[in-house]
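Observations on the model geometry
Now for the letters of each chain:
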Amino acid sequence: MLHVATFEAHEIDQAVAAINKKGYGLTFGLHTRIDGRVEQMTSQLKVGNLYINRNQIGAIVGSQPFGGEGLSGTGPKAGGPNYVRRFTKDHCETHPIEPGPVAPMKIVQEALDNLAEPRQSPLATRNLPGPTGESNRLSLFPRGKILCLGPTLDTAGKQADMAGENGCPALIVTPGATGENSVSGFLPRENLLYLKGFDAVALWSGPEDLREARKFLSQRDGALIPLITDTEMKDRCTLERHVCIDTTAAGGNATLLAQTG
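The structure displayed is predicted, hence computed values, not measured ones.

Points about helix 1 (residues 12-21)
Those residues of helix 1 that fall on the buried side of the exposure criterion are Ile12, Ala15 and Val16. An end-on view of helix 1 places all buried positions within 100° of arc, on one side of the element. Those residues of helix 1 hidden inside the fold are in contact with helix 2 (35-42). Phi turns positive, to about 90°, at glycine 23, one or two residues after helix 1.

Considering the nonpolar core
Nonpolar side chains in soluble globular proteins generally cluster together in the buried interior. Val108, Leu147, Leu171, Val173, Leu192, Phe198 and Val201 are the most contacted members of the largest nonpolar core, which totals 22 residues. Elements that contribute at least two residues to this core include exactly helix 3 (105-113), strand 8 (170-174) and helix 5 (207-218). Sorting elements by how many residues they give to this core places helix 5 first, with four residues. Excluding residues that lie within four positions of it along the chain, valine 173 makes contacts with Ala103, Val108, Leu147, Cys148, Leu149, Val183, Gly185 and Leu187. Of all hydrophobic cores here, the second largest spans 16 residues; its members include Ile146, Ala156, Trp204 and Cys237.

Concerning the pairing of strand 6 (residues 134-142)
Inspection of the sheet shows strand 5 (residues 124-127) paired to strand 6 by four bridges, in the antiparallel sense. Each residue of the ladder has a partner; that of arginine 126, found in strand 6, is leucine 138. One ladder, built from nine bridges, connects strand 6 with strand 12 (residues 238-246); its direction is antiparallel. Within strand 12, the position partnered with arginine 137 by the bridge is valine 243.

Conventions used here
- Residues numbered from 1 in each chain as written.
- Predicted model: local features only at pLDDT ≥ 70, side-chain atom pairs only at ≥ 80, totals over all residues.
- Heavy atoms only, no water.
- Buried < 20%, exposed > 50% of the residue type's maximum accessible area, 1.4 Å probe, protein only.
- Helix = DSSP H or I, 4+ residues; strand = E, 2+ residues; numbered from the N terminus.
- Arc of directions from axis to C-beta.
- Contact = heavy atoms within 4.5 Å.
- Core = buried A, V, L, I, M, F, W, Y, C linked by side-chain atoms within 4.5 Å.
- Pairing = 2+ DSSP bridges.

These figures come from the coordinates and say nothing about function on their own.
Here it is as structure tokens:
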């Protein structure tokens with residue numbers, strides 16, 4: 001069964017928002033000769049691979065790294081520059097949990113709700129090789145809001161700094177935390193099942209504590225939330241989006257090409 005939905009040109013932003021709201025982000029195809037339309041849609045869509053004026057299959061390693069986001073993906077793109085590293089052992093540090101009072105879940109949720117939204121523009125963009133007549137562009141975007149659980153105040157601060165360097169708003173929740181975007185106290189790991197509005201958890205504690213955190217994160221509905229245990233967490237804070245454009249399809253109607261929207 002094929003479902004067809006129509007909309008007016010001035011409703012494109014609403015259509016894109018509706019697509020993003022579904023939560024799935026594997027591939028998206030668009031056919032248009034208007035460059036402004038391409039930019040308008042690709043800059044907003046939360047999709048791993050966007051194909052312009054071509055088919056949506058046949059991704060080539062090194063030219064069209066493949067992989068989605070949200071409900072359609074969990075890591076870097078297959079065939080991309082960051083893919084091989086995910087098969088290596090992380091550089092992890094183990095820190096003991098510091099004693100302290102429990103951080104009330106209501107306070108943590110309010111702090112998450114008050115975090116700024118992540119940066120929407122790309123952190124970096126690179127052109128990838130490809131056949132003549134085709135443009136391939138790989139961009140890194142902030143993953144989203146990151147919950148920094150330390151477990152020590154020092155490690156939570158390092159996590160928040162690295163998250164911020166990659167455009168991700170961070171909330172520190174650990175005993176002794178003070179200041180903006182911080183909640184003092186220990187976050188019971190079962191609360192990870194119920195809290196909303198975060199896209200990753202950074203935690204550098206021991207095996208038992210990490211096991212508890214993974215258990216409750218895995219029980220959540222919706223997109224999988226990664227647990228970042230790697231102290232070199234820069235690339236864990238980003239999402240990869242690839243845009244492939246068949247530039248040979250741009251010719252034809254000069255009047256149509258001159259339009260901007």
